[in-house]
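Here is what each chain is made of, one letter per residue.
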Amino acid sequence: EAAVTQSPRNKVTVTGGNVTLSCRQTNSHNYMYWYRQDTGHGLRLIHYSYGAGNLQIGDVPDGYKATRTTQEDFFLLLELASPSQTSLYFCASSDALGGSTGQLYFGEGSKLTVL
Amino acid sequence: GNSVTQMQGQVTLSEEEFLFINCTYSTTGYPTLFWYVQYPGEGPQLLLKVTTANNKGSSRGFEATYDKGTTSFHLQKASVQESDSAVYYCVLGDNNAGAKLTFGGGTRLTVRP
């Protein structure tokens with residue numbers, strides 16, 4: 001089974017702070033995704049990528065940057081964090097178009113609190 | 001864009017009771033429909049896929065059906081167990097949207113022993 005590892009698992013920062021969330025997958029999947037999870041909204045796609053150096057904009061990209069440095073590593077960057085970005089963030093990967101197979105493998109989540 | 005609506009935010013049942021969760025969706029593309037489950041402290045995982053070929057899917061005792069006419073799909077289980085307590089998401093994939101999946105808001109199921 002695919003392994004997706006996120007770090008840090010918990011992060012507290014202040015408004016205006018700089019945060020980087022890291023994600024590594026070890027199964028050579030082409031696609032990687034960043035979602036945020038909020039009560040009542042389910043999971044919303046922030047950014048995704050289909051390979052090193054590639055970046056695609058998701059549904060809620062404002063205030064977020066992302067970078068895919070290798071096939072294994074995908075980073076989410078919050079350069080000026082705001083309280084509205086307090087959330088549980090999930091990284092996921094897949095080996096095919098997620099829209100057709102539906103098989104995404106998720107990490108365990110990174111809880112971010114912006115004070 | 002695509003959207004998915006789950007009306008039931010929370011469902012509480014006793015063991016062996018019947019589960020029914022309904023979703024509606026909106027898309028201009030060609031949908032593929034899924035159900036995901038998220039257990040406490042874990043990431044979401046795929047539960048089952050509803051194939052539009054036969055409008056059904058099943059896995060681990062759960063069944064899902066799809067109605068193109070009403071653009072709705074639902075998840076059911078005849079007899080729930082305490083171990084089924086989790087959050088269930090209906091999810092829309094769209095072959096025109098590439099790798100993107102659209103998640104509903106989630107239904108938190110609590111099963112009392």
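The present account deals with the structure reproduced in this document. Counting of residues starts from 1 at the beginning of each chain's written sequence and follows it residue by residue. In the order they appear in the text, chains get letters beginning with A and ligands get numbers beginning with 1. Residues qualify for local features only when their pLDDT is at least 70, as the model is predicted, and side-chain atom pairs are given and counted only at 80 or more; totals for whole chains, interfaces and linings, by contrast, use all residues. With hydrogens and water excluded, all non-hydrogen atoms of the structure serve as input to the side-chain values.

Our next topic: the pairing of strand β9 (residues 87–94) of chain A. Residues and elements named next belong to chain A. Three exposure classes are used, based on accessible area relative to the maximum for each residue type with a 1.4 Å probe and protein chains only: buried under 20%, partly exposed in between, and exposed over 50%. Secondary structure elements are defined from DSSP: runs of H or I of at least 4 residues count as helices, runs of E of at least 2 residues count as strands, and each element is numbered from the N terminus. Among the 8 residues of β9, 7 are classified as buried, and the element is accordingly described as predominantly covered. Any two strands between which DSSP finds at least two bridges are classified as paired. As paired elements, strand β4 (residues 31–38) and β9 share 7 bridges and run antiparallel to each other. Looking at the pairing, R36 lines up with Y89 of β9. Relative to strand β11 (residues 110–114), β9 is paired through 3 bridges, and the arrangement is antiparallel. Looking at β11, one finds that S87 is bridged to L112. Taken together, the 2 bridges between β9 and strand β10 (residues 105–106) define a ladder with antiparallel strand orientation. Counted as the bridge partner of S93 is Y105 from β10.

All names here are of chain A. Mapped onto the elements, R36 comes out in strand β4. For the pair R36 and G107, spaced 71 residues apart in sequence, the C-alpha separation works out to 12 Å. It only takes one pair of heavy atoms within 4.5 Å for two residues to be counted as in contact. Excluding residues that lie within four positions of it along the chain, R36 makes contacts with G42, L43, R44, I46, V60, Y64, S84, Q85, T86, S87, L88 and Y89. Two N or O atoms form a polar contact when they lie within 3.5 Å of each other; inside protein one atom must be a possible hydrogen donor and the other a possible acceptor, and for residues adjacent in sequence the pair counts only when both atoms belong to side chains. Polar side-chain contacts of R36 include one of 2.9 Å to the side chain of Y64.

This paragraph deals with the interface of chain A and chain B. Tallying the contact residues gives 23 residues for chain A and 21 residues for chain B. Both faces considered, chain A and chain B share a buried interface measuring about 1700 Å² in area, 54% of it formed by carbon and sulfur atoms. Salt bridges are defined as contacts in which a side-chain nitrogen from Lys or Arg sits within 4 Å of a carboxyl oxygen from Asp or Glu. In this structure, the connection of chain A to chain B is made through 0 salt bridges. Applying the counting rule to chain A against chain B returns 3 residue pairs in polar contact (both at pLDDT 80 or more). Looking at the side of chain A that touches chain B, the elements with two or more residues in it are β4, β5 (42–49) and α1 (98–101) of chain A. Throughout, the ten residues Ala, Val, Leu, Ile, Met, Phe, Trp, Tyr, Cys and Pro are labelled nonpolar, Asp, Glu, Lys and Arg are labelled charged, and all others, Gly among them, are labelled polar. Here the residues of the side of chain A that touches chain B sort into 10 nonpolar, 11 polar and 2 charged. Buried area: the accessible surface (1.4 Å probe) lost by two parts on joining, summed over both.

So, on to the side chain of S93 of chain A. Residues and elements named next belong to chain A. By the element assignment, S93 lies in strand β9. Looking at S93, its side chain comes within polar contact range of the side chain of H29, at 2.8 Å. Each residue touching S93, except ones within four places of it in the same chain, is listed here: V4, Q25, H29, Y31, M32, Y33, Q103, L104 and Y105.

This part takes up the state of the cysteines. The term disulfide is used for any two cysteine sulfur atoms that are within 2.5 Å. In the structure shown here, the tally under the stated rule is 2 disulfides over all chains. Between the sulfur of C23 of chain A and that of C91 of chain A lies a disulfide, 1.9 Å long from S to S. As the torsion about the S-S bond is roughly -80°, the C23 of chain A-C91 of chain A disulfide counts as left-handed. Here C23 of chain A, found in strand β3 (residues 19–25), pairs with C91 of chain A, found in strand β9; they are 68 residues apart in sequence, far enough to count as distant. Judged by relative accessible area, C23 of chain A falls into the buried class, the value being 1%. One disulfide in the model links C23 of chain B with C90 of chain B; its S-S distance is 1.7 Å. Disulfide C23 of chain B to C90 of chain B: torsion about the S-S bond roughly -80°, handedness left-handed. Of this pair, C23 of chain B sits in strand β3 (residues 19–26) while C90 of chain B sits in strand β9 (residues 86–94); the two residues are 67 residues apart in sequence, bridging distant segments of the chain. Neither residue differs from the other here; C23 of chain B and C90 of chain B are each classed as buried.

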